[in-house]
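Secondary and tertiary structure notes
What follows is each chain in one-letter form.
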Amino acid sequence: MKKIRALMIGAAVAAAVLTAAPAGAAVPSPQPSSSASPAPGVNGAPQRPAPPNKTGYASAQAVDGYLYVWKDAMWDYDEQWCRWSGSHAYWTYAWSGQYGTSAGECSENDNFDNVATSMWNNGYPGSHDDVRFYKDSGYEGTSMCLGNGDYWGNLALGWERFDDQTQANDEISSHTWVRNC
Amino acid sequence: MSASLATSKNVRLLTCTVIGLVALSACTASRAVPADPAVPLTSVREMTDKEARTLWDAEQILTRDCMAGHGFAYWPAPYDPIPDDRDFPYVVDDPAWARRHGYGGDIREQIDRLRERNPNRRYLDGLPPERRRAAFVAINGEGPRPGTRTRGPDEVEARLPEGGVVRRSAVSCTSQAQRRLYGDLPTWYRVAKVTEYLKDAARARVTRDPRYTTAISTWSACMRGRGHPYGTPPEARAKVTQLEATAPSTRKAREKEIRTAVAEATCARETNLPAVIGVLEREHTRALSERYRLDVTTAWRMRRDALPRAAEITARH
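Residues numbered from 1 in each chain as written. Chains lettered and ligands numbered in written order. Predicted model: local features only at pLDDT ≥ 70, side-chain atom pairs only at ≥ 80, totals over all residues.

A word on the overall build of chain A
Per the secondary structure count, chain A includes two helices and eight strands. In sequence order, the secondary structure elements of chain A are arranged as α-α-β-β-β-β-β-β-β-β. Looking at the 181 residues of chain A, the share that counts as buried comes to 57%. Considering only contacts in chain A between residues 6 or more positions apart, those separated by 24 or more positions represent 60%. (Helix = DSSP H or I, 4+ residues; strand = E, 2+ residues; numbered from the N terminus. Buried ≥ 20, exposed ≤ 12 C-beta atoms within 10 Å, placed from the backbone. Contact = placed C-beta atoms within 7 Å.)

What follows is the structure, encoded as structure tokens:
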């Protein structure tokens, strides 16, 4: 089957690859996509805007076309979660539109890198409706694939693994849409 | 429904006459697919591109019919919308392709545009929220129920070789289409997910194989000789994308991408890397297939049995 998961170019991805370097202290933090403009806090770090209304997001499930990922097992909306309609190369800034084809809509503008424990692909059906998750940012490293309509409840049971048999729980860093798993 | 069932039985009978030597037990079994020691692993092969296309197209048509039954439109997705969309999981090994696409950044953009233009997306986005919700339930099912650990009666489930559990609605149009195409849905879902997983697992084993690492060292020496001092293909790709980060979309960055990718492919050819990868892939695929032979042979047989049905469906449309 044809996929180009090994191939990724573009400023956003490249930026992700750059910032994925171990000495990532100089990473330029993108502005949260929320309308609330973050004012600098006392230590100079931007304050997080208030988390969006979770109930509002949860009910917005009705209008769909998204990949959903949750921090906790069994699709728990009470804890941190995110969703995207497009790809995202750098889950550290999951909410930012700077690193892929869509900004994440998240329960809070917080790091989602190495966090995901359950997920659901309720993306638009048709062309490129399967999702490939990668261990590394920039669509690199070992990967696992989730078909359109499929869901995983708990990566933490010690069961689910990436295709190289390493643990997938709390290890996923980017995702992209592919033609076929 | 009963008419189509009768047809598929006739088709199955015909198939069994032709391939009876291979899969005797498949002909006596009705729809359930239990253990099938009669199918030797040696008879299992990849579907040809034409066969894969027929199965894809038939499933898309059946999905459209199912959605129509729910009162929704669905546009069957083309099998091969971007002909140059090719998978190089290890190394770019086609210099002509590399000359056209570098590492494929332009194809990535084509995919993004394709997803934006997806007629199903436009249609669904245009529905009022309640109808849209109903349409997503029709195509993908209700989705997971938060907090629920066990499989519901309206779900299918696959336990992957490493123990992972993946589920889907058993009544979604995707599932209905596959039920009509492949017969026993729970079995089909399981073996389809397992064989997908095994394909990825084989790739991971190839890249961990010492013979692969050795071949990559030879390739790396060739790259160095051409002025591209990279240890591995992913490293070469990362360096190029870094350059594009500092000078995005410039002609210079694009030229560098193409130059590097062409060198990667030329060195791959010169150091015989594709042949080495071919041998390793066959070896690791065979080992994994032996280990999960029941799922592998069952998946192959269900695909093969679905082919005449699929051909009939696509011929009608």
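Remarks on helix α10 (residues 210-225) of chain B
Three- or four-residue spacings in an α-helix give side chains the same orientation, since the helix completes a turn every 3.6 residues. Residues and elements named next belong to chain B. End to end, α10 covers 23 Å across 16 residues, agreeing with the expected 22 Å (1.5 Å per residue, within 8%). Of all the positions in α10, only Tyr212, Ala215, Ile216, Trp219, Ser220 and Met223 are classed as buried. Along the long axis of α10, the arc covered by the buried residues comes to 150°, so they all point the same way. Seen from the open side of α10, the exposed residues pointing more than 90 degrees away from its buried face are Pro210, Thr214, Ala221 and Gly225. Looking one or two residues past α10, Gly227 carries a phi angle of roughly 85°, positive in sign. (Expected span 1.5 Å × (residues − 1). Arc of directions from axis to C-beta.)

As for the pairing of strand β5 (residues 130-136) of chain A
Residue and element names in this part refer to chain A. Counting buried positions over the seven residues of β5 gives five, a clear majority of the element. For β5 and strand β8 (residues 174-178), the ladder comprises five bridges, and the chain directions are antiparallel. The partner of Phe133 across the bridge, within β8, is His175. As paired strands, β5 and strand β6 (residues 140-146) are joined by five bridges and run antiparallel to one another. (Pairing = 2+ DSSP bridges.)

Things to note about the sheet that holds strand β7 (residues 151-152) of chain A
Strand order in the open sheet made by the seven strands is β3(A)-β2(A)-β1(A)-β4(A)-β7(A)-β2(B)-β1(B), with antiparallel pairing throughout. Both outer strands of the open sheet, β3 (105-106) of chain A together with β1 (155-159) of chain B, are each paired with one neighbouring strand and no more.

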